[in-house]
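Here is what each chain is made of, one letter per residue.
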Amino acid sequence: MLTTKDKEGNFKVAGIVGCVTWVSLILILIKNLLEVLSMSFEVNGKVIEVDEDGFITDPDLWDEAVAEYLAKTEEVEELTEDHWKVINYLRDYYKQYGIAPMVRKVTKETGFSLKEIYELFPSGPAKGACKIAGLPKPTGCV
Amino acid sequence: MAKVPKPEQLVNIDHKPPAKPWMDMPVKFEEGMWCYAAKPESLEAVGLPNPRKWSPEEEDWKLPENWKEVIFEGLRERLEKYRSLRIFMDICVRCGACADKCHFFLGTGDPKNMPVLRAELLRSIYRKEFTVAGKLLGKMAGARELTEDVVKEWFYYFFQCTQCRRCSVFCPYGIDTAEITIIARELLNLLGCNIEWIASPVANCYKKGNHLGIQPHALKDMVEMLADDIEDVTGIRVEPTFNRKGAEILFIPPSGDVFADPGIYTFMGYLMLFHEIGLDYTLSTYASEGGNFGSFTSHEMMKRLNAKMYAEAERLGVKWILGGECGHMWRVVHQYMNTMNGPADFLEEPVSPITGTKFENAKSTKMVHIVEFTADLIRNNKLKLDPSRNDHFRITFHDSCNPARAMGLFEEPRYIIKNTCNYFYEMPEETIREKTFCCGSGAGLNAEENMVMRMKGGLPRANAVKYVHEKYDVNTLTCICAVDRAALPTLMNYWVPGVSVSGVHELVGNALIMKGEKQRTTNLRGEPLLRTEDGGDV
């Protein structure tokens, strides 16, 4: 791939560039694979464990940098003031009650309609917003 | 999480059986058709064996060293304890009457989803270990060795059964596949092979009183908010009480109704009804769950979770228990409770304080289903109802598997619907009442990661809804089960967009004319009411 037709110097350089690209691609792939397998990610030197769906397993490890990282996994490119309004409400409720608030409660208390919440968090209030806010998934008849 | 294929792809189902015999077909874990493994902390919370981190995707399931012994001993114990199990193991003549009755077989075409073959997965091991013919003749007698692959196959297929019992309606011997599934799951649990979507609710229920893990102050907060919403719609403040000693009745809903859309509208309906008739009732923050995910784990766990409702009823000194629109709660109460935790002699035989009707059928369990209670109120003219407030709903009724097949609760919900709504249409006969099709997500399988299987298994139900949707313009699927209310909206969005899901008491709440209420302009969902002078369709 890199050196077969390599009689001129120019080709050699291209070959090395190609090689570096390939190696780095493979490294990224391995890194991603390891992240999936070990189900964790690293932010600012902190290793954060997540479950199969990417929800963090220890809500105490959550911070804003973690939220920024998780946002990117849920199709939220940038966390705006409106995003933070929802996230902070979710976190405050969770701190006080030990569970995510009802969806209806979120819309009532933040003033955003369900449609607006979906605009902010395309994967929805539970899978998107709660995940970014570092809350666990509710289970049962939900 | 697995991507769910488009409906037009999923509907291509191949029912042609494979060329090789089933024993030669190794189990293959298809994407989106199995649930995540139970986490160690969920098993530890209730003392279930072999808590560990593991995944069905990995080769090594980290079974205990003596796992074979554990299975054989577990099966032996259960064959002695449950005569029904031995009968179900011996009696099947493989006539095939059940084969095409299972929604999962209809939706997947996988022969191991035929109830007869699902049971054979266990029977083949039973034959090899516990019958002479199986020991001597092996495969010829339908027997096979227990291997780790068999355990994996059990895990895959016994967590692809929703214990809905449609097949048992058609079995000439009355073999109850749900019973077989419960036993198989019990055996899997002995090895620590449960799914998180069941193990976590069980742990929550055991520790905090309900599947969702709602703590007392959170429950109060949620109920208060729903009371606010009722006030917004009706102008009337309902004042539910919690853990009140000396109340006449303890009311236990499924926790999904307190927490999740669209169950909350049904919960609002309960509160409005109780307020209007002046019922002396209390909610409990300890027995805050009627549902019983224990019944998807083992008989022992089912018993433990069921017991807390009665312990709380005794502690509070109520006369009897009224239960909400829940599914498996009623299977446990109606068919197991009496010999498991009963008889509940410390309670009184339930009598409606409003009509004086004695609920003879609840003589032993002391627990009345809310649709029986409400149907009786309507029959005795105790409620003022305005069905036109539900005119935006064109309704069909999904008989939830457990209240239907485990209780025979067919007429009461229909009676309420017909008295609270003007537009009601039945789905085809072979898909309702005792022949009702499962939502495809029951028995703890409503996990998100299991979505492909849920959509496949829900296809027969969705197909029947599609029929009335197209023929009568039905836009609402009403049911009396919280798993249904969680599972059916997703199923409808996928197969029959344009159909939403409600509970029966949501309809009651809408239609109920309350003393001193303000002119209603919206339904409980906050949607504007349709009104015409002649009360006709719009």
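This text follows the structure it describes.
For every chain, the first residue of the written sequence is number 1, and numbering continues from 1 along that sequence. Think of it this way: whatever chain is written first is A, whatever ligand is written first is 1, and the rest follow in order. Given that the model is predicted, a residue must reach a pLDDT of at least 70 before its local features are reported, and side-chain atom pairs must reach 80 or more before they are shown or counted; all residues, however, enter totals for whole chains, interfaces and linings. Hydrogens and waters are ignored; side-chain quantities use all the structure's heavy atoms.

Q: What exactly am I supposed to notice about the sheet that holds strand β6 (residues 476-479) of chain B here?
A: What links the strands of a sheet is backbone hydrogen bonding, and the strands pair in either a parallel or an antiparallel sense. Residue and element names in this part refer to chain B. Pairing between two strands requires that DSSP report at least two bridges joining them. For the purposes of this entry, the term helix denotes a DSSP run of H or I that reaches at least four residues, the term strand denotes a run of E that reaches at least two, and both are numbered from the N terminus. With respect to topology, three strands assemble into an open sheet ordered β5-β6-β7, the strand pairing being parallel. The sheet terminates laterally at β5 (395-397) and β7 (500-503), the two strands that pair on one side only. Along the sheet, successive strands turn relative to each other by an average axial angle of 35°, direction set aside. Where β5 lies against β6, three bridges are found, and the strand directions are parallel. Each bridged residue has a counterpart across the sheet, and for Ile395 the counterpart in β6 is Thr476. In this analysis, two residues are considered to be in contact whenever any of their non-hydrogen atoms come within 4.5 Å of each other. Only C-alpha atoms enter the line fits that serve as axes; for helices the fit covers just the stretch in contact. Angles between N-to-C directions range over 0 to 180 degrees. Together, β6 and β7 form the strand contacts of helix α23 (residues 482-495), whose direction differs from that of β7 by roughly 165°. The strands touched by helix α24 (residues 504-511) are β5, β6 and β7; relative to β7, the strand with the most contacts, the crossing angle is about 75°.

Q: Help me understand the packing of aromatic side chains, please; the structure alone is not making it clear to me.
A: Where two aromatic rings form a pair, the distance of their centres and the angle of their planes describe that pair. All names here are of chain B. For Phe, Tyr and Trp, where Trp contributes only its six-membered ring, two rings pair if their centres lie within 6.5 Å, and the inter-plane angle classes them as stacked under 30 degrees, edge-to-face over 60, or tilted in between. Using the criterion set out here, one finds 24 aromatic pairs over all chains in the structure. For the ring pair Phe251 and Phe274, a centre distance of 4.8 Å and an interplane angle of 75° mean the geometry is edge-to-face. Here the residue Phe251 occupies a position in strand β1 (residues 249-252), and Phe274 occupies one in helix α14 (residues 263-277), the gap between them amounting to 23 residues. For Phe274, a relative accessible area of 1% gives the class buried. Counting every residue linked through ring pairs, the aromatic cluster contains Phe29, Trp34, Tyr36, Trp54, Trp61, Phe155, Tyr156, Tyr157 and Phe159. Seen from the ring of Phe437, Arg166 lies directly overhead, with NZ or CZ sitting 3.7 Å from the centre. Exposure categories follow from relative accessible area, calculated using a 1.4 Å probe and restricted to protein chains: below 20% of the type maximum is buried, above 50% is exposed, and the middle band is partly exposed. Think of it as a cone above the ring: NZ of Lys or CZ of Arg counts as a charge over the ring if it is within 6 Å of the ring centre and within 35 degrees of the ring normal.

Q: Quick question: what am I supposed to make of helix α15 (residues 299-316) of chain B here?
A: Note that an α-helix has 3.6 residues per turn; residues three or four places apart therefore point the same way. Helix span, expected: 1.5 Å multiplied by one less than the number of residues in the helix. Given a rise of 1.5 Å per residue, 18 residues ought to cover 26 Å, and the 26 Å separating the end C-alpha atoms of α15 of chain B matches this to within 8%. Taken as a whole, α15 of chain B has its buried residues at His299, Met301, Met302, Leu305, Asn306, Lys308, Met309, Tyr310, Glu312, Ala313 and Leu316 of chain B.

Q: Honestly, the interface of chain B and chain A in this entry has me stumped. Any pointers?
A: Often the size quoted for an interface is simply the accessible area lost on bringing the parts together. The interface of chain B with chain A comprises 37 residues on the first partner and 22 residues on the second. A 1.4 Å probe defines the accessible area here, and the buried area is the portion of it lost by two parts on being joined, summed over both. Taken together, both faces of the contact between chain B and chain A bury some 2500 Å²; the carbon and sulfur share is 59%. Of all residues in chain B, Trp197, Met225 and Phe259 of chain B give up the largest surface area on contact with chain A, accounting jointly for 22% of the area buried on that side. Here, a salt bridge means any side-chain nitrogen of Lys or Arg that lies within 4 Å of a carboxyl oxygen of Asp or Glu. On inspection of chain B and its partner chain A, the count reaches four salt bridges. The salt bridge partner of Asp229 of chain B is Arg104 of chain A, with a shortest N-O separation of 2.3 Å.

Q: I tried to follow the pattern of salt bridges on my own but got confused; where do I start?
A: Pairing of side chains with opposite charge becomes possible as their charged atoms draw close. All names here are of chain B. Enumeration over the complete set of coordinates arrives at 45 salt bridges over all chains. The salt bridge involving Asp176 is made with Arg165; its shortest N-O contact spans 3.1 Å. Of the two residues, Asp176 sits in the loop between α9 (166-170) and α10 (177-190) while Arg165 sits in the loop between α8 (148-158) and α9, which places them eleven residues apart along the sequence. Classification of Asp176 by relative accessible area gives buried; the value is 8%. Connected through shared salt-bridge partners, Arg94, Glu120, Arg123 and Arg127 make up one network.

Q: What am I meant to see in the state of the cysteines here?
A: Disulfide: a covalent bond formed between the sulfur atoms of two cysteine residues. Residues and elements named next belong to chain B. By disulfide we mean two sulfur atoms from cysteines, separated by a distance within 2.5 Å. The full count for this structure, using the stated rule, is zero disulfides over all chains. Summary of cysteine pairing: Cys167 is not part of a disulfide, and the nearest cysteine sulfur, belonging to Cys98, is at 6.1 Å. Using a relative accessible area of 8% as the deciding quantity, one classes Cys167 as buried. The thiol of Cys438 is unpaired, and the distance to the nearest cysteine sulfur, on Cys401, comes to 4.1 Å.

Q: Whenever I open this one, the packing of helix α3 (residues 67-81) of chain B against α10 of chain B confuses me. Can you help?
A: The angle between the axes and the distance between the axes are what describe a pair of packed helices. All names here are of chain B. Where α3 meets α10, the closest approach of the two axes is 9 Å, and the angle between their N-to-C directions is 140°. As α3 runs across α10, the sense of the crossing is right-handed. Each of Val70, Ile71, Gly74, Leu75 and Arg78 in α3 lies in contact with α10, whose residues at this interface are Ile183, Glu186, Leu187 and Leu190. Polar here means any residue outside two lists: the nonpolar Ala, Val, Leu, Ile, Met, Phe, Trp, Tyr, Cys and Pro, and the charged Asp, Glu, Lys and Arg; Gly therefore counts as polar. Along the lines of polarity and charge, the residues of the contact of α3 with α10 split into six nonpolar, one polar and two charged. Each crossing gets its hand from how the near helix is turned against the far one by less than a right angle, where anticlockwise is left-handed and clockwise is right-handed.

Q: Whenever I open this one, a nonpolar patch on the surface confuses me. Can you help?
A: Here the term patch refers to residues with relative accessible area over 30% and no salt bridge, with like charges joined within 9 Å and nonpolar side chains (Val, Leu, Ile, Met, Phe, Trp, Tyr) within 5 Å. Per-residue accessibility takes into account occlusion by the displayed protein chains alone, with areas from the Shrake-Rupley method and a 1.4 Å probe. Judged by side-chain polarity, Val132, Leu136, Leu137 and Met140 of chain B come together as a nonpolar surface patch covering roughly 500 Å² of accessible area. Structurally, Leu136 of chain B can be placed in helix α7 (residues 132-137).

Q: Can you help me understand the sheet that holds strand β2 (residues 281-282) of chain B in this one?
A: Residues and elements named next belong to chain B. If you walk across this open sheet you meet the four strands as β2-β1-β3-β4, and the pairing is parallel. Only two strands of the sheet have a single neighbouring strand rather than two, namely β2 and β4 (367-369). Examined bridge by bridge, β1 and strand β3 (residues 320-323) share four bridges and lie parallel to one another. Counted as the bridge partner of Phe251 is Leu322 from β3. Strands β1, β3 and β4 of the sheet are contacted by helix α16 (residues 328-335), whose axis makes an angle of about 140° with β4.

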